[in-house]
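Spelled out from the first residue to the last, the chains are:
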Amino acid sequence: MNHFLSSVILLMLTANIFSQSKSSLVPNEPSKAPDYFCTWNIQGYSCSYNTNAEIRQAMTEKNMLGEGTYLNWVNFFPKIREDLIFVMDDSWDIPLSETSKDGPSFGLTELNQERFPSYTGNPAERLTKLVNAVKAKGWKGLGGWICAQEAPIAGNVNSEEYWTERIKAANEAGFAYWKVDWGKQSRNLEWRKTMTKLGRTYAPNLVIEHAFNGYTIEVSDTYRTYDVENVTAQPVTIQRIANLLHYQPQGDAKSIINCEDEPYIAAGLGCAIGVMRYPFPDKLPNNTNDYAFPPIGRNMKYRMDEITRGVRWHRIAEPFGVGSENYSIDKNVLKDYWVLAERETWNKKHKPGDTLRENAPARVSRGLPLAKVLNPSPDQPFVLSSMYPNGAVAVVTIGRGINREYITKRIKVEQEIQNIDNPIGIFGDYESLTLILPTKIKASDYEVLGQDLAGDTSSDITKDIVFKDNKIIISGDLIRKVGLSAASKNDISDPGLVLKFNKKIK
């Protein structure tokens, strides 16, 4: 069959699938997930990542809310802004004159008036005004990076009193998120535990994120899997998540994993998302390659739709904490490696010509048996799957970085599930996905709706789904047709869709 005829048939099939559009399967209400957009990389982009000092100096009112090239960051992500907290990174609370991380003001946690001159008053009043300005732009809330220490400029202070005062001010201002990072107390479990306790006592709506030592997840609202080099980010992130699943939360800690800028991994393993990429796909202002998001491999800045899909999935199924379900980790390990060229990582320890090697479990699941790969191979994708507390199910394939190529091999996957009463999210590429139920199921009993999570309408795809005894078979071609039907121009994200099986009333 010639290419033209194949294209015509594909268009006809797609038109048939979407000829009967239905209402959206994605709720209109923003999600309650603690997802956020973090400004560190856009701070770096705006100054071409010249130095950390310049990156810190870029955190200003002008850049966040001003008009001009590479400015007005609060206008990012219009479709999902209401689902995201806008998190100001290092150094929203530090004087512009302090550019070293050893500066005396790190840990001050008060909106700096030099950086934000339009926001006046006492610390709580200044922060309140900025919170309101950011929420007026449509964001769910405003948060900030927190240095894990009492500011040296404050002198010899009582730590608990110091942080009680600041958490009360955050609560008064309606601040939504504390991204607690490095500092003198960063690896002090008791200090981090106290921070969470004070937050729950004096600011119950403030999400407190911890990092570094894995065991701090037990006292965290959210725990960040931390910085990655994007050419190897996926296996690193999957392995870090697998390492965290055995922990048990203490007290009323939520213990949700934040896997940063990996929305499909987040969907597959019930994690929160910390978006780091931004809608500037070109080179840095100094006309060099953007080494935080290099234009090779996945080419992440041309994968903005996957952010939309992952965040909107959380309207259907919220991320959930560790310790709340059974999990399984495959003993089989997949090995990725990337041979670095010029300007492909921010990590100064790695040089062009180095080979970065990272391994991760081939499959990980939460609340479900491990998925089965029917045609395994050394370059097969990672397969992740979870059943969420509300019964929704997500199945995800994650591509591979091998040598200097990003591979998204289409494979046959089988996933056992208990029922089809709740939404099913499918992310990634497949040859086919087969859902296996405990008992036989009849096609005549169901209407099946499908929707690209980046879109706003569903379609009846019942005739394109194969029911066979206790199996439901979804072809890879159908996953691509539905899961990319609302794709943005030039976007290269993998598919991401939701299915809903509606029982017919007889």
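Scroll up for the structure.
Here the structure is a predicted model, which is why all the values come from computation and not from measurement.

Our next topic: the sheet that holds strand β19 (residues 412–416). Strand order in this open sheet of five strands is β14-β19-β21-β25-β24, and the pairing throughout is mixed. Strands at the two margins of the open sheet, each flanked by one partner only, are β14 (372–373) and β24 (466–468). Running over the sheet, helix α11 (residues 476–483) touches β21 (432–436) and β25 (471–475) and is turned about 65 degrees from β25.

Let us look at the environment of D221. Looking at where D221 falls in the secondary structure, it is placed in the loop between β6 (207–210) and β7 (222–224). Measuring from C-alpha to C-alpha, the distance between D221 and P319 comes to 12 Å, with 98 residues separating the pair along the chain. When near neighbours in sequence (up to four residues on either side) are disregarded, D221 contacts T196, R200, L206, V207, I208, K254, S255 and I256. A polar contact of 2.6 Å, which involves the side chain of D221, links it to the side chain of R200. Reaching out from D221, the side chain makes a polar contact with the backbone nitrogen of I208 at a distance of 2.9 Å.

With that settled, the discussion passes to the layout of surface pockets. In this model, the second largest pocket occupies a volume close to 350 Å³. Taken together, 18 residues line the second largest pocket, and the ones lying closest to its centre are M304, D305, T308, S488 and D491. For the lining of the second largest pocket, the class distribution of residues is 10 nonpolar, three polar and five charged.

Turning our attention to empty space enclosed by the protein. Counted by the stated rule, this structure contains two cavities of 30 Å³ or more. Computed from the structure, the largest cavity encloses a volume of approximately 160 Å³. As for the largest cavity, its lining consists of 19 residues, of which N230, V231, T232, G297 and R298 are closest to the centre. Secondary-structure elements contributing two or more residues to the lining of the largest cavity are α8 (233–244), β11 (333–339) and β17 (400–403). In terms of residue count, α8 provides more of the lining of the largest cavity than any other element does, three residues in total. Among the residues making up the lining of the largest cavity, the classes are represented as nine nonpolar, seven polar and three charged. By volume, the second largest cavity is sized at about 90 Å³. Every residue along the wall of the second largest cavity is listed here: Q234, E262, Y264, I265, R298, R303, E306, T397, I398, G399, Y406 and D494. Among the elements of the structure, α9 (263–269) and β16 (393–398) are those that each provide at least two residues to the lining of the second largest cavity.

How two aromatic rings sit relative to each other is set out by the distance from centre to centre and by the angle between their planes. In this structure the tally under the stated criterion is 29 aromatic pairs. Seen in terms of ring centroids, Y36 and Y177 are 4.8 Å apart; in terms of plane orientation they differ by 65 degrees. Their pairing is edge-to-face. You can see Y36 sitting in strand β2 (residues 36–38) and its partner Y177 sitting in strand β5 (residues 177–180), a full 141 residues away along the chain. Summarising the burial analysis for this pair, Y36 and Y177 share the class buried. Their ring planes at 70 degrees and their centres at 5.2 Å tell us that F320 and Y388 sit as a pair that is edge-to-face. Residue F320 is found in the loop between α10 (305–316) and β10 (327–329), and its partner Y388 is found in the loop between β15 (382–387) and β16; the two are separated by 68 residues along the sequence. You'll find F320 and Y388 in the same group, each marked buried. Aromatic ring contacts, followed pair by pair, group F37, Y45, Y70, F76, F77, F86, W139, Y278, F280 and F293 into a single cluster.

Calculation notes
Residues numbered from 1 in each chain as written. Predicted model: local features only at pLDDT ≥ 70, side-chain atom pairs only at ≥ 80, totals over all residues. Heavy atoms only, no water. Pairing = 2+ DSSP bridges. Helix = DSSP H or I, 4+ residues; strand = E, 2+ residues; numbered from the N terminus. Contact = heavy atoms within 4.5 Å. Axes fitted to C-alpha atoms, helices over the stretch in contact; angles between N-to-C directions. Polar contact = N/O pair within 3.5 Å; in protein donor to acceptor, adjacent residues only side chain to side chain. 1 Å grid on protein atoms, 1.4 Å probe; cavity = no way out; pocket = protein on both sides within 12 Å on 5 of 7 lines; lining within 4 Å. Points joined across faces, edges and corners; volume = space filled by probe spheres on them. Nonpolar A, V, L, I, M, F, W, Y, C, P; charged D, E, K, R; others polar. Phe/Tyr/Trp six-rings, centres within 6.5 Å; stacked < 30°, edge-to-face > 60°. Buried < 20%, exposed > 50% of the residue type's maximum accessible area, 1.4 Å probe, protein only.

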